[in-house]
Amino acid sequence: TGTVARRLAHRLRRTPQYGIVLRGFLSESDGEVGRAYDGVPVVGALSDLAATVDDGIDMVLLCLPAHLEPQAEKLLHELRNSTADVKFVPAVAATDTLGMDAYMFEGFPMITLQGARVQGWHQAGKRLVDIVGAVAGLIVTAPLLAAIALLVKVSSPGPVL
(Lines give C-alpha, C1' and ligand atoms only; values in the text may rest on other atoms or scores of the structure.)
Protein backbone atom coordinates (compact mmCIF):
# COMPACT_ATOMS: atom_id res chain seq x y z
CA THR A 1 0.00 0.00 0.00
CA GLY A 2 3.03 2.27 -0.25
CA THR A 3 3.27 5.32 -2.49
CA VAL A 4 4.85 3.45 -5.42
CA ALA A 5 2.18 0.72 -5.26
CA ARG A 6 -0.68 3.21 -5.16
CA ARG A 7 0.77 5.26 -8.06
CA LEU A 8 1.25 2.10 -10.14
CA ALA A 9 -2.29 0.93 -9.33
CA HIS A 10 -3.66 4.29 -10.41
CA ARG A 11 -1.85 4.04 -13.76
CA LEU A 12 -2.91 0.43 -14.30
CA ARG A 13 -6.53 1.41 -13.76
CA ARG A 14 -6.09 4.24 -16.32
CA THR A 15 -4.79 1.76 -18.91
CA PRO A 16 -7.31 -1.11 -19.11
CA GLN A 17 -5.94 -2.10 -22.54
CA TYR A 18 -3.14 -3.96 -20.73
CA GLY A 19 -5.75 -6.36 -19.35
CA ILE A 20 -4.49 -6.20 -15.78
CA VAL A 21 -7.28 -6.41 -13.20
CA LEU A 22 -6.14 -5.48 -9.73
CA ARG A 23 -7.39 -7.90 -7.07
CA GLY A 24 -6.02 -6.03 -4.07
CA PHE A 25 -3.20 -4.54 -2.06
CA LEU A 26 -1.26 -6.07 0.79
CA SER A 27 -0.17 -3.79 3.63
CA GLU A 28 2.69 -3.86 6.11
CA SER A 29 0.25 -4.53 8.93
CA ASP A 30 -3.24 -5.87 9.52
CA GLY A 31 -4.48 -2.37 10.39
CA GLU A 32 -5.26 -1.42 6.78
CA VAL A 33 -7.15 -4.60 5.85
CA GLY A 34 -10.61 -3.67 4.64
CA ARG A 35 -9.56 -0.19 3.53
CA ALA A 36 -9.43 0.70 -0.18
CA TYR A 37 -7.12 2.92 -2.23
CA ASP A 38 -8.47 4.25 -5.52
CA GLY A 39 -11.17 1.59 -5.42
CA VAL A 40 -8.71 -1.28 -4.85
CA PRO A 41 -9.21 -3.09 -1.51
CA VAL A 42 -6.49 -3.99 0.96
CA VAL A 43 -6.98 -7.77 1.09
CA GLY A 44 -4.34 -8.75 3.62
CA ALA A 45 -1.01 -8.15 5.23
CA LEU A 46 2.34 -8.71 3.53
CA SER A 47 3.00 -11.48 6.06
CA ASP A 48 0.07 -13.39 4.43
CA LEU A 49 1.47 -13.11 0.88
CA ALA A 50 1.71 -16.83 0.08
CA ALA A 51 -1.77 -17.53 1.47
CA THR A 52 -3.28 -14.58 -0.43
CA VAL A 53 -1.83 -15.54 -3.83
CA ASP A 54 -4.09 -18.30 -5.15
CA ASP A 55 -4.42 -20.06 -8.50
CA GLY A 56 -6.61 -17.26 -9.86
CA ILE A 57 -3.78 -14.72 -9.66
CA ASP A 58 -1.53 -14.53 -12.73
CA MET A 59 0.86 -11.81 -11.57
CA VAL A 60 2.23 -10.40 -8.34
CA LEU A 61 3.67 -6.89 -8.41
CA LEU A 62 6.05 -6.35 -5.51
CA CYS A 63 6.08 -2.59 -4.93
CA LEU A 64 7.93 -2.45 -1.65
CA PRO A 65 8.94 0.74 0.13
CA ALA A 66 12.73 1.14 0.27
CA HIS A 67 12.93 -0.05 3.90
CA LEU A 68 11.19 -3.34 2.95
CA GLU A 69 13.11 -4.05 -0.26
CA PRO A 70 15.59 -6.32 1.59
CA GLN A 71 12.59 -8.65 2.16
CA ALA A 72 12.03 -9.15 -1.60
CA GLU A 73 14.11 -12.33 -1.67
CA LYS A 74 12.18 -13.79 1.28
CA LEU A 75 8.86 -12.90 -0.36
CA LEU A 76 9.95 -14.46 -3.65
CA HIS A 77 10.90 -17.61 -1.75
CA GLU A 78 7.40 -17.70 -0.25
CA LEU A 79 5.97 -17.68 -3.79
CA ARG A 80 8.24 -20.46 -5.09
CA ASN A 81 5.31 -22.87 -5.55
CA SER A 82 3.06 -20.28 -7.18
CA THR A 83 2.44 -20.25 -10.93
CA ALA A 84 2.12 -16.45 -10.92
CA ASP A 85 4.65 -14.17 -12.58
CA VAL A 86 6.39 -12.11 -9.92
CA LYS A 87 7.44 -8.60 -10.91
CA PHE A 88 9.45 -6.27 -8.71
CA VAL A 89 8.98 -2.52 -8.98
CA PRO A 90 11.96 -1.05 -7.13
CA ALA A 91 11.66 2.11 -5.09
CA VAL A 92 15.07 3.08 -6.44
CA ALA A 93 15.80 2.43 -10.12
CA ALA A 94 19.52 1.70 -9.52
CA THR A 95 19.14 -2.07 -9.83
CA ASP A 96 21.49 -4.57 -11.46
CA THR A 97 19.35 -6.33 -14.09
CA LEU A 98 21.89 -8.96 -15.15
CA GLY A 99 19.97 -12.19 -15.81
CA MET A 100 16.60 -10.55 -15.27
CA ASP A 101 14.02 -9.20 -17.71
CA ALA A 102 13.58 -5.45 -17.23
CA TYR A 103 11.31 -3.00 -18.99
CA MET A 104 9.45 0.24 -18.39
CA PHE A 105 5.71 0.60 -17.87
CA GLU A 106 4.26 4.09 -17.70
CA GLY A 107 7.51 5.44 -16.22
CA PHE A 108 7.97 2.58 -13.74
CA PRO A 109 10.96 0.23 -14.09
CA MET A 110 9.80 -3.39 -13.82
CA ILE A 111 12.07 -6.38 -13.37
CA THR A 112 10.78 -9.91 -13.87
CA LEU A 113 12.13 -12.03 -11.03
CA GLN A 114 10.18 -15.20 -11.79
CA GLY A 115 8.54 -15.77 -15.15
CA ALA A 116 6.43 -18.62 -16.35
CA ARG A 117 8.94 -21.21 -17.49
CA VAL A 118 8.61 -23.10 -20.79
CA GLN A 119 10.20 -26.52 -20.38
CA GLY A 120 10.08 -30.05 -21.75
CA TRP A 121 7.42 -30.79 -24.38
CA HIS A 122 6.09 -27.23 -24.18
CA GLN A 123 9.52 -25.90 -25.15
CA ALA A 124 9.78 -28.39 -28.03
CA GLY A 125 6.24 -27.53 -29.17
CA LYS A 126 7.01 -23.81 -29.11
CA ARG A 127 10.17 -24.39 -31.16
CA LEU A 128 8.21 -26.48 -33.69
CA VAL A 129 5.53 -23.78 -34.04
CA ASP A 130 8.30 -21.15 -34.51
CA ILE A 131 9.97 -23.15 -37.29
CA VAL A 132 6.72 -24.12 -39.06
CA GLY A 133 5.49 -20.51 -38.86
CA ALA A 134 8.75 -19.15 -40.28
CA VAL A 135 8.77 -21.65 -43.17
CA ALA A 136 5.08 -20.97 -43.93
CA GLY A 137 5.77 -17.23 -43.90
CA LEU A 138 8.67 -17.66 -46.33
CA ILE A 139 6.60 -19.84 -48.66
CA VAL A 140 3.74 -17.34 -48.69
CA THR A 141 5.95 -14.28 -49.25
CA ALA A 142 8.51 -15.86 -51.64
CA PRO A 143 6.51 -15.20 -54.85
CA LEU A 144 5.96 -11.56 -53.87
CA LEU A 145 9.64 -11.10 -53.01
CA ALA A 146 10.69 -12.74 -56.30
CA ALA A 147 8.34 -10.46 -58.27
CA ILE A 148 9.72 -7.37 -56.53
CA ALA A 149 13.31 -8.51 -57.20
CA LEU A 150 12.45 -9.09 -60.88
CA LEU A 151 10.86 -5.63 -61.17
CA VAL A 152 13.92 -4.00 -59.58
CA LYS A 153 16.26 -5.88 -61.96
CA VAL A 154 14.20 -4.96 -65.05
CA SER A 155 13.76 -1.30 -64.08
CA SER A 156 17.35 -0.47 -63.15
CA PRO A 157 20.89 -1.58 -63.99
CA GLY A 158 23.04 -3.37 -61.45
CA PRO A 159 22.29 -5.86 -58.72
CA VAL A 160 18.87 -6.24 -57.05
CA LEU A 161 20.23 -5.57 -53.57
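Here, every reference points to the structure presented above.
Reading guide: rules and limits
The numbers attached to residues start from 1 for each chain and follow its sequence in the written order. Side-chain atom pairs in this predicted model are given and counted only at pLDDT of 80 or more, local residue features only at pLDDT of at least 70, and totals for whole chains, interfaces and linings cover all residues. In computing side-chain values, all of the structure's heavy atoms are included and hydrogens and water are not. Note on conventions: DSSP H or I runs of at least 4 residues are helices, E runs of at least 2 residues are strands, and numbering of each starts at the N terminus. Here the globule rule is a power law, 2.2 Å times the number of residues to the power 0.38, and the radius of gyration is based on C-alpha atoms. Per-residue accessibility, obtained with a 1.4 Å probe over protein chains only, is compared with the maximum for each type, and a residue is labelled buried under 20%, exposed over 50%, and partly exposed between these values. Working rule for contacts: check all heavy atoms of both residues, and any pair within 4.5 Å makes them a contact. Methods summary: accessible areas were calculated by the Shrake-Rupley approach with a probe of 1.4 Å, and residue burial reflects only the protein chains presented. Here a Phe, Tyr or Trp ring, Trp counted by its six-membered ring, pairs with any other such ring whose centre lies within 6.5 Å, and the pair is stacked when the planes are under 30 degrees apart, edge-to-face when over 60, and tilted otherwise. A pair of strands counts as paired when DSSP detects no fewer than two bridges linking them. The crossover handedness rule: strands pointing away from the viewer, path from first strand over the helix to second strand clockwise, crossover right-handed.

Enquirer: Explain the overall build of the chain to me, using residue names and the numbers behind them.
Expert: A count of helices and strands for the chain gives four helices and seven strands. Ordered by position in the sequence, the α and β elements of the chain form the string α-β-β-β-α-β-α-β-β-β-α. At 23 Å, the chain has a C-alpha radius of gyration far larger than the 15 Å of a compact globule built from 161 residues. Projected onto the principal axes, the alpha-carbon positions of the chain cover approximately 75 × 35 × 30 Å. When the 161 residues of the chain are sorted by exposure, 25% land in the buried category. Long-range contacts, defined as pairs at least 24 residues apart, comprise 51% of the intrachain contacts of the chain with a sequence gap of at least 6. When the accessible surface of the chain is split by element, carbon and sulfur atoms take 61% of a total near 10,900 Å².

Enquirer: With reference to specific residues and values, describe the environment of A66.
Expert: Note that A66 resides in the loop between strand 4 (59-62) and helix 3 (72-78). Among the residues examined, A66 registers a relative accessible area of 49% and is labelled partly exposed.

Enquirer: So what about the packing of aromatic side chains? Which residues, and what values?
Expert: Counted by the stated rule, this structure contains two aromatic pairs. Seen in terms of ring centroids, Y18 and F105 are 4.7 Å apart; in terms of plane orientation they differ by 75°. Their pairing is edge-to-face. Here the residue Y18 occupies a position in the loop between helix 1 (3-14) and strand 1 (25-27), and F105 occupies one in strand 6 (residues 101-105), the gap between them amounting to 87 residues. On the basis of relative accessible area, Y18 is assigned to the partly exposed category, the value being 44%.

Enquirer: Any chance you could break down the pairing of strand 4 for me, citing the residues and the numbers?
Expert: Because side chains alternate across strand 4, one face comprises the buried residues V60 and L62, and the other comprises M59 and L61, none of which is buried. The sheet contact formed by strand 4 and strand 5 (residues 85-88) spans four bridges and is parallel. Across the sheet, L61 pairs through a bridge with K87, a residue of strand 5. You can see the chain leave strand 4, run along helix 3 and come back into strand 5, and the turn it takes is right-handed.

Enquirer: Please provide a residue-by-residue account of the sheet that holds strand 1, values included.
Expert: With respect to topology, three strands assemble into an open sheet ordered 1-3-2, the strand pairing being mixed. The open sheet terminates on both sides in strands that have one partner only, identified here as strand 1 and strand 2 (36-37).

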